[in-house]
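# Geometric and topological summary
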Amino acid sequence: MERETKAELAEKNERFPVVHVHGGSAIRRPLMLLAVCAVGLIGYLARDFLIPTAAALVLALMLTPVANALERAHLPPTPAAAASVSLLALLIAGLLGIAIPSISSWAAQAPYLSYTLERKLEGLRSSLAIVKQVSDRVEQATTATPASPETPAPEKVVVRERSMLGELASTTPVVILQIGYAGVLAFMLLAHRNDHRRQMLRIPLTWATRVRLARMMRDINDRVGHYLFALAVIYACVAVAAAGALALLGFPNAIMWGIVMGLASFVPFVGAPLTIGMVALIALISFDDWLRVLGAPAALLVIHFAESQFITPAFVSRRCALNTVAVFVTIALLGWMWGAVGAIVAVPLLILLSTIAAHLPSLRWLEVMLSDDRPVSAKVAQKPALVSVKRPPIKPPRQRRRLATAK
């Protein structure tokens with residue numbers, strides 16, 4: 001048989017391409033799917049434990065810059081962690097002290113507010129009454145059946161709902177335990193973060209794995225910790241601006257709604273629009289002139305647009321940007337599984353996951369899927385090398401021989 005030329009071999013490969021079958025990948029995909037389903041099932045069934053644990057992890061990362069600043073002021077790690085958690089607890093207690101009286105007053109005025117809303121929507125209801133009558137007549141004409149005297153009258157089923165006080169009495173102890181557990185765990189993570197870092201660096205056997213682990217912990221601290229702290233400062237300013245704008249318009253409980261606007265900003269795509277819609281509804285109930293009715297949601301809309309389009313992109317690093325679809329799906333999934341806390345911690349956990357995937361070659365595909373325009377590893381590669389992790393100098397061969405001879 002004559003030896004085939006390179007051109008003939010290339011033409012044959014184009015006509016009959018060789019298909020490589022990888023048995024390992026075929027087995028790995030179902031296992032990966034089963035692992036994802038198992039993680040989702042565990043996250044849903046163990047939500048009472050995982051919700052405060054995830055909240056404590058996010059709080060510890062957010063308070064890390066504060067604890068580092070206190071340690072630079074010559075405060076030991078444990079008192080610095082205690083001071084950071086105590087400051088956050090005092091802030092939350094102050095916000096609750098402002099919000100609880102406002103919420104109780106709104107609950108007491110609920111019948112009056114519903115009557116006011118019905119009165120203001122009476123004109124719209126009367127204009128839609130004709131359309132409703134026509135639709136009712138068409139439905140009666142299409143579904144009318146002769147009534148038989150033997151047909152018994154339907155029985156009424158009365159469902160007794162649990163009262164609000166009963167719900168609060170059953171859920172309050174669990175919530176208090178979860179808050180206490182999250183606070184203690186956040187304090188322990190902050191106080192022993194340096195010890196945990198040193199212990200984790202002792203685990204790897206090779207030098208390359210140790211350096212990779214050190215860089216991963218550094219990037220987690222930089223990306224997630226500083227990102228959360230910067231967002232907390234920005235959203236606190238949003239809360240102050242929203243409360244001031246609503247107070248100038250004479251909006252009732254302006255401080256409470258400013259706080260709600262600041263907290264809702266932690267949930268992208270959903271939190272701020274829902275808050276603006278609720279403020280618009282309250283403005284429609286509370287005010288009679290359309291200037292203030294439209295002015296309250298318009299002021300919050302301007303504040304949200306300025307924060308999301310100008311302030312946050314200017315002060316928050318571009319390295320924290322994620323894929324919009326991934327962020328939206330994660331917020332929806334964790335919000336369904338864990339409620340409001342899951343929606344708040346969704347983005348920090350997603351940044352944490354993308355940072356870990358950036359340093360693991362086996363999870364590089366996940367990093368590409370979660371990144372906005374380029375993988376996180378390309379952004380991480382631009383950072384300087386670690387200063388704290390130094391490899392011991394390698395001595396020249398002649399010097400090593402001399403040392404061996406001297407010994």
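Look above for the structure.
On a predicted model such as this, the values are computed, not experimentally measured, just so you know.

With that out of the way, let us pick up the overall build of the chain. Counting its regular elements, the chain contains 17 helices and 0 strands. Classification of the 407 residues of the chain by burial places 29% in the buried group. A sequence separation of at least 24 residues applies to 69% of the contacts in the chain between residues at least 6 apart. Total accessible area computed for the chain in this model is approximately 27600 Å², and 69% of it derives from carbon and sulfur atoms.

Across the interface, helix H11 (residues 271-286) lies against helix H12 (residues 290-315) with an axial gap of 8 Å and an inter-helix angle of 165°. Here H11 is positioned roughly antiparallel relative to H12, judged by the angle of their axes. For the pair H11 and H12, the sense of crossing is right-handed. Seen from H11, the contacting residues are Ala272, Ile276, Val279, Ala280, Ala283 and Leu284; seen from H12, they are Trp290, Arg292, Val293, Ala296, Pro297, Leu300, Leu301 and His304.

Okay, the pattern of salt bridges next. A complete count under the given rule lists 5 salt bridges for this structure. In this structure, Arg193 and Glu71 form a salt bridge, with 2.8 Å as the shortest nitrogen-oxygen distance. Separated by 122 residues along the polypeptide, Arg193 in helix H8 (residues 193-201) and Glu71 in helix H3 (residues 47-72) bring together distant segments of the chain. Its relative accessible area of 10% is what places Arg193 among the buried residues. Since its relative accessible area comes to 21%, Glu71 is described here as partly exposed. The residue Arg198 makes a salt bridge to Asp195 at a minimum N-O spacing of 2.4 Å. Highlighted residues: Arg198 and Asp195, both in helix H8, separated by 3 residues, approximately one helical turn. Residue Asp195 is classed as partly exposed on the basis of its relative accessible area of 31%.

To continue, consider helix H14 (residues 340-358). Over its 19 residues, H14 extends 28 Å from the first C-alpha to the last, a length consistent with the 27 Å expected when each residue adds 1.5 Å. At Ala346, H14 shows its largest bend, some 40°, and a proline, Pro348, comes one to four positions later.

Once that is clear, we can look at the nonpolar core. If you look at soluble globular proteins, the nonpolar side chains tend to sit buried side by side. Judged by nonpolar contacts, the single largest core of 54 residues is most densely connected at Leu246 and Phe251. Looking at this core, the elements with two or more residues in it are H3, helix H9 (207-248), helix H10 (254-264), H11, H12, helix H13 (324-338), H14 and helix H15 (364-370). It is H9 that provides the largest number of residues to this core, a total of 14 residues. Here Phe251 is in contact with Leu246, Trp257, Val279, Ile282, Ala283, Phe287 and Ala296, once residues within four sequence places are set aside. Counting 8 residues, the second-largest nonpolar core is a separate cluster that includes Ala60, Val85, Leu88 and Leu190.

Before going further, it helps to examine the side chain of Thr275. Residue placement: Thr275 occurs in helix H11. Looking at Thr275, the relative accessible area reads 3%, which means it is buried. When residues no more than four places from it in sequence are discounted, the contact partners of Thr275 are Val260, Met261 and Ala264.

Now for the packing of H9 against H12. The relative placement of two packed helices is expressed as an angle between their axes plus a distance between the axes. Contact geometry for H9 and H12: axes closest at 10 Å, N-to-C directions at 160°. Viewed along their axes, H9 and H12 adopt a mutual orientation that is roughly antiparallel. Of the two possible hands of crossing, H9 and H12 adopt the one that is right-handed. Each of Leu231, Ile234, Tyr235, Val238, Ala241, Ala242, Ala245 and Leu246 in H9 lies in contact with H12, whose residues at this interface are Ala296, Ala299, Leu300, Ile303, Glu307, Ile311, Thr312 and Phe315. Classifying every residue of the contact of H9 with H12 by side-chain character gives 14 nonpolar, 1 polar and 1 charged.

What follows concerns a nonpolar patch on the surface. A grouping of Phe269, Val270, Leu274, Val325, Phe328 and Val329 is seen on the molecular surface, where their side chains present a nonpolar patch of about 560 Å² in accessible area. Mapping Leu274 onto the fold places it in helix H11.

This part is about the layout of surface pockets. Computed from the structure, the second largest pocket encloses a volume of approximately 1100 Å³. What lines the second largest pocket is a set of 28 residues, among which Val36, Val39, Leu333, Leu353 and Leu366 lie closest to the centre. Elements with a contribution of two residues or more to the lining of the second largest pocket: helix H2 (23-45), H3, H13, H14 and H15. The residue inventory of the lining of the second largest pocket, partitioned by class, reads 25 nonpolar, 3 polar and no charged.

As a further point, take unusual backbone geometry. Unlike most non-glycine residues, Asn253 shows phi in positive territory, near 55°. By the element assignment, Asn253 lies in the loop between H9 and H10. Overall, Asn253 belongs to the partly exposed group, its relative accessible area being 26%.

Before going further, it helps to spend a moment on the packing of aromatic side chains. The relative placement of two aromatic rings is captured by the distance of their centres and the angle of their planes. On inspection of all chains with the given rule, the structure shows 6 aromatic pairs. A centroid spacing of 5.9 Å and a plane angle of 40° characterise the contact between Phe49 and Tyr181, whose relative ring orientation is tilted. With Phe49 in helix H3 and Tyr181 in helix H7 (residues 164-191), this pair connects stretches of sequence that are 132 residues apart. Accessibility expressed as a relative area gives 31% for Tyr181, which makes it partly exposed. Judged by centre distance (6.2 Å) and plane angle (65°), the rings of Phe269 and Phe328 are edge-to-face. Here Phe328 lies in helix H13 and Phe269 lies in the loop between H10 and H11, a separation of 59 residues in the sequence. The cationic tip of Arg47 hangs over the ring face of Tyr44; the distance from NZ or CZ to the ring centre is 4.4 Å.

Turning our attention to the environment of Thr206. Its location among the elements puts Thr206 in the loop between H8 and H9. Only 2.6 Å separates the side chain of Thr206 from the side chain of Thr209, close enough to count as a polar contact.

Cut-off values and rules
Residues numbered from 1 in each chain as written. Predicted model: local features only at pLDDT ≥ 70, side-chain atom pairs only at ≥ 80, totals over all residues. Heavy atoms only, no water. Helix = DSSP H or I, 4+ residues; strand = E, 2+ residues; numbered from the N terminus. Buried < 20%, exposed > 50% of the residue type's maximum accessible area, 1.4 Å probe, protein only. Contact = heavy atoms within 4.5 Å. Areas by Shrake-Rupley, 256 points an atom, 1.4 Å probe, with all protein chains shown as cover. Axes fitted to C-alpha atoms, helices over the stretch in contact; angles between N-to-C directions. Parallel < 35°, antiparallel > 145°, perpendicular 65-115°, else oblique. Left-handed = near helix turned anticlockwise from the far one by under 90°. Salt bridge = Lys/Arg side-chain N within 4 Å of Asp/Glu carboxyl O. Expected span 1.5 Å × (residues − 1). Bend = angle between axes of the 7 residues up to and from the residue. Core = buried A, V, L, I, M, F, W, Y, C linked by side-chain atoms within 4.5 Å. Nonpolar A, V, L, I, M, F, W, Y, C, P; charged D, E, K, R; others polar. Patch = residues over 30% accessible without salt bridge, like charges linked within 9 Å, V, L, I, M, F, W, Y side chains within 5 Å. 1 Å grid on protein atoms, 1.4 Å probe; cavity = no way out; pocket = protein on both sides within 12 Å on 5 of 7 lines; lining within 4 Å. Points joined across faces, edges and corners; volume = space filled by probe spheres on them. Phe/Tyr/Trp six-rings, centres within 6.5 Å; stacked < 30°, edge-to-face > 60°. Lys NZ or Arg CZ within 6 Å of the ring centre and 35° of its normal. Polar contact = N/O pair within 3.5 Å; in protein donor to acceptor, adjacent residues only side chain to side chain.

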